[in-house]
Amino acid sequence: MVNITRAADLTVIGANGGGWVSATGTTSPQSPLDQPVAPWKPLGAVSDDGLVYGFDEDSQEFTPWGQTSPFRTVVTKSVRTFKMTLWETARVAVQSIMYRIPEGDLAPDPDSGLTSFAETASPSADRRAWWFVVLDGDTARGFYVPQGEVSDRSDVTFKQDEMSGYEITITAYPDEAGNTVYHTDKLPATPVYSGS
């Protein structure tokens with residue numbers, strides 16, 4: 001009888017986590033177990049859909065004449081994205097991300113207390129540094145995106161029986177080293193396989 005090797009502690013359930021944003025050039029926290037400090041700013045509560053780490057890839061297959069299976073495949077596109085719904089829509093950092101407006105432009109008027117801004121029809125690039133953490137018991141995964149930008153925003157619903165939120169997708173762009181996402185994880189050790 002074959003003994004199927006399994007280890008529940010090597011699985012991950014996104015039981016908890018969060019996100020932070022800062023200006024490009026901000027270095028990543030050293031560990032997903034460390035509390036990010038300024039200039040990192042928290043994104044606040046995230047919907048129970050959690051964080052989606054996306055892979056969008058295309059490839060080109062090369063099949064020799066006379067054969068039906070390719071003998072080489074080349075990746076022609078490889079994009080990494082992060083998707084989440086931000087529930088704290090009144091948080092200044094979250095508004096800044098959603099509307100691509102500097103945080104300083106979202107300061108309320110000292111006399112009226114009102115915040116006023118306009119959305120432009122021609123937004124300029126708004127790249128930022130991002131830090132995402134996924135926690136599950138003793139497992140912690142950290143994702144650092146040194147050059148990321150909101151590339152998709154979903155509709156916002158205002159309804160009595162539904163939490164309003166900003167559903168955003170962040171696309172990771174290559175940094176000076178050509179990397180898009182840096183991983184820093186605290187994971188349990190994989191047991192040595194004995195073959196029995």
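What counts, and at which threshold
- Residues numbered from 1 in each chain as written.
- Predicted model: local features only at pLDDT ≥ 70, side-chain atom pairs only at ≥ 80, totals over all residues.
- Heavy atoms only, no water.
- Buried < 20%, exposed > 50% of the residue type's maximum accessible area, 1.4 Å probe, protein only.
- Helix = DSSP H or I, 4+ residues; strand = E, 2+ residues; numbered from the N terminus.
- Contact = heavy atoms within 4.5 Å.
- 1 Å grid on protein atoms, 1.4 Å probe; cavity = no way out; pocket = protein on both sides within 12 Å on 5 of 7 lines; lining within 4 Å.
- Points joined across faces, edges and corners; volume = space filled by probe spheres on them.
- Nonpolar A, V, L, I, M, F, W, Y, C, P; charged D, E, K, R; others polar.

Colleague: Looking at this model, I keep getting lost on helix α1 (residues 92–99). Mind explaining?
Modeller: Residues spaced three or four apart along an α-helix face the same direction, because each turn holds 3.6 residues. Among the 8 residues in α1, 6 count as buried, and that is most of the element. Of all the positions in α1, only Ala93, Val94, Gln95, Ser96, Ile97 and Met98 are classed as buried. Here the buried face of α1 lies against β1 (16–22), β2 (41–42), β4 (72–86), β5 (128–136), β6 (139–153) and β7 (166–172). One or two steps after α1, the chain reaches arginine 100, where phi turns positive at roughly 55°.

Colleague: It is not clear to me how the layout of surface pockets should be interpreted in this structure. Could you clarify?
Modeller: Empty space among the atoms becomes apparent when a probe as large as a water molecule is rolled across them. In this structure, the largest pocket occupies an estimated 250 Å³ of space. Around the largest pocket, the lining is made up of 14 residues, and of these Gly14, Asn16, Gly17, Gly50 and Leu51 lie nearest the centre. Only β1 and β5 provide two or more residues apiece to the lining of the largest pocket. Looking at the lining of the largest pocket, its residues break down into 6 nonpolar, 6 polar and 2 charged.

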